[in-house]
Amino acid sequence: MLSGTQNKWEELCGMYQSMGISRQVYEFGESVAEELKERFQEIDRVAEYNQCKVLKAMQEEKVSEACLLGTTGYGYNDLGRDTLEKVYASVFHTQDALVRPQITCGTHALALALMSNLRPGDELLSPVGKPYDTLEEVIGIRESKGSLKEYGITYGQVDLLADGSFDFPAIRRAVHDKTKLVTIQRSKGYQTRPTLSVQKIGELIRFVKQIRPDIICMVDNCYGEFVETIEPSDVGADLVVGSLIKNPGGGLAPIGGYLAGTKACVENAAYRLTSPGLGKEVGASLGVSASFYQGLFLAPTVTAAALKGAVFAANLYERLGFAVVPDGKESRHDIIQAVTFGTPEGVTAFCEGVQAAAPVDSFVTPQPWDMPGYDAKVIMAAGAFVSGSSIELSADGPIKPPYAVYFQGGLTWQHAKFGILKTIQSLADHGLLDSDLRKK
Ligand SMILES: *Cc1c(COP(=O)(O)O)cnc(C)c1O
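### A closer look at the nonpolar core
- Grouped together as the largest cluster of nonpolar side chains are 58 residues, with contacts concentrated most on F312, Y317, F341 and F350.
- At 12 residues, the largest contribution of residues to this core is made by helix α10 (residues 289-320).
- With near-sequence residues (within four places) excluded, F341 lies in contact with Y317, F322, G346, V347, F350, P402, Y403, A404, V405 and L427.
- Residues V240, A253, Y293 and A299 belong to the second largest nonpolar core, which totals 44 residues.

Spelled out as structure tokens, the structure:
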């Protein structure tokens, strides 16, 4: 007869089997999850710290029931909006913040930060290599209407060294009289370089400030929020910028972006977002404030769930014999996990698995398609409550060598786990794994 504990395991395995996961895949997952207990404890510790940080900010800023209501029209005296911006400033330990549904996405938030804090004749410098794809057109690296380049703002770039470290001598040479703003991207995005830890970002900011203390140091914080107990604004960043349909929205924000930083930087951005003279005074919150607050409240634990998923995926895929970045043991500074398949079939099978695990649109089969701004077809898997949300379980991969897939999100650890097991089942079902679940 089975013992009580065994019965419970059987019950769970049975549930997984009823959802298309074989006993073999389930048991493989269990054996790896078992080894990750300590790692997960550390992730939970960070989440606990950040939960307190967010709660403390909400209490100190006296978030009230009235803050959850919305305004329309001009949105003068929007208590919810103004208090939320104070809460963000408190969480990021900055003088001020701009947190708005009128900021449509991460790229918009970053463009806003750059366009409002740079003037014709200024130079923007990226000391960490090429920025995120969508920023190429904002900056004018790729020609586009309304780019910084069109407004006479020049751009300089210093690549990271081969080992991922900063090229300090080259950065020193690249900083000159016109350098006004340095942009530092925390996450690797779709590149193979390592993601920067907050501590590393701090070293870079100190170096830049030693050359010229008046240079604005901005951090693209996308996917990095709440992964550590400190944020780039704790190590000298003048401005941190991100998207609310990633980590800080906690899966509940239906739109939005944030900027947190010095009074001067945030004021410039507010004047640009609305109008000179109006700034932060206008901008109706239209009833989304409640989801912004609740999303921020959940963000530390949602980020932790996504992180556990990323660590779990790295360890499983490493064992299957695939190259993963970061590897199973590395410390994490964002929630993105890359897995290299080496074949288009691998990328497609993985994305089919993620899609099949979704709460929404689980019955559709993702197809590679030509996306604006990309030079190869891209396949995307997302069955999200918020369209395009990448704090929810999602994956995408360009159909070109090295045939890598980028995986992120998961509003709960249990869902992230199920999704990852589903990808392995999908690979097995497509005949891409042998009978021992190893890469063929
Ligand atoms: C997602 C992301 C962006 C852009 O955000 P969107 O919301 O997709 O416009 C910019 N930088 C990094 C590092 C990102 O991960």
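So much for the structure itself; the text now carries on.
### A few points about helix α8 (residues 198-211)
- Relative to the 20 Å expected for 14 residues at 1.5 Å per residue, α8 spans 20 Å between its end C-alpha atoms, a close match to the ideal helical length.
- Within α8 the residues assigned to the buried category are V198, I201, G202, L204, I205, F207 and V208.
- In this structure, the buried residues of α8 make contact with α7 (168-174), β4 (179-185) and β5 (216-220).

### Regarding the sheet that holds strand β2 (residues 123-126)
- Strand order in this open sheet of 7 strands is β1-β7-β6-β5-β4-β2-β3, and the pairing throughout is mixed. Edge positions in the sheet fall to β1 (96-100) and β3 (154-157), since each of these pairs with one other strand and no more. Averaged over all pairs of adjacent strands, the angle between their axes in this sheet comes to 20 degrees, without regard to strand direction.
- Relative to β5, β4 runs parallel, the two sharing 5 bridges. Its bridge partner being in β5, L181 is matched across the sheet by I216.
- On the sheet, helix α4 (residues 79-91) packs against β1 and β7 (257-261) and is oriented at approximately 125 degrees with respect to β1.
- Sitting on the sheet, helix α9 (residues 263-273) touches β1, β5, β6 (239-243) and β7, and the angle it makes with β1 is about 30 degrees.

### A look at the packing of helix α5 (residues 106-117) against α9
- For the pair α5 and α9, interaxial distance at closest approach is 8 Å and the crossing angle is 105 degrees. In this view, α5 runs roughly perpendicular relative to α9, as classed from their interaxial angle. For the pair α5 and α9, contact is made by H108, L112, M115, S116 and N117 and by A264, C265, N268, A269, R272 and L273, respectively.
- Residue composition of the contact of α5 with α9, by class: 6 nonpolar, 4 polar and 1 charged.

### Observations concerning the side chain of K246
- Tracing the sequence through the fold places K246 in the loop between β6 and β7.
- Despite being buried, K246 has no salt bridge partner; D220 is the closest side chain of opposite charge, sitting 6.6 Å away.
- The residues contacting K246, other than those within four sequence positions of it, are C222, Y223, S390 and I391.

### Structural notes on the sheet that holds strand β13 (residues 404-408)
- With antiparallel pairing, 6 strands are arranged side by side in an open sheet as β8-β9-β13-β12-β11-β10. Either end of the sheet is taken by a strand with one partner, and the two such strands are β8 (323-325) and β10 (369-370).
- Pairing between β10 and strand β11 (residues 377-382): 2 bridges, direction antiparallel. Opposite D370, over in β11, you have K377 as the bridge partner.

### Regarding the site of the ligand
- Close to the ligand lie C105, G106, T107, L110, Y132, Q185, D220, C222, Y223, S243 and K246.
- A distance of 2.8 Å is found between an oxygen atom of the ligand and a backbone nitrogen or oxygen belonging to G106.
- D220 is positioned such that a nitrogen or oxygen atom in its side chain is 2.6 Å from a nitrogen atom of the ligand.
- Relative to its free-state accessible area of 370 Å², the ligand is covered by the protein chains to the extent of 89%.
- Ranked by residue count, the leading element in the shell around the ligand is α5, at 3 residues.
- For the shell around the ligand, the class distribution of residues is 5 nonpolar, 4 polar and 2 charged.

### Quick word on the pairing of β6
- Burial runs high along β6: 5 of the 5 residues are buried.
- On β6, burial covers both faces: L239, V241 and S243 on one face and V240 and G242 on the other are all buried.
- By the bridge criterion, 5 bridges tie β6 to β7 in an arrangement that is antiparallel. Note that in β7 the partner of L239 across the bridge is G261.

About the thresholds
- Residues numbered from 1 in each chain as written.
- Predicted model: local features only at pLDDT ≥ 70, side-chain atom pairs only at ≥ 80, totals over all residues.
- Heavy atoms only, no water.
- Core = buried A, V, L, I, M, F, W, Y, C linked by side-chain atoms within 4.5 Å.
- Buried < 20%, exposed > 50% of the residue type's maximum accessible area, 1.4 Å probe, protein only.
- Helix = DSSP H or I, 4+ residues; strand = E, 2+ residues; numbered from the N terminus.
- Contact = heavy atoms within 4.5 Å.
- Expected span 1.5 Å × (residues − 1).
- Pairing = 2+ DSSP bridges.
- Axes fitted to C-alpha atoms, helices over the stretch in contact; angles between N-to-C directions.
- Parallel < 35°, antiparallel > 145°, perpendicular 65-115°, else oblique.
- Nonpolar A, V, L, I, M, F, W, Y, C, P; charged D, E, K, R; others polar.
- Lys, Arg positive; Asp, Glu negative; His and termini not counted.
- Salt bridge = Lys/Arg side-chain N within 4 Å of Asp/Glu carboxyl O.
- Near = heavy atom within 4 Å.
- Polar contact = N/O pair within 3.5 Å; in protein donor to acceptor, adjacent residues only side chain to side chain.
- Areas by Shrake-Rupley, 256 points an atom, 1.4 Å probe, with all protein chains shown as cover.

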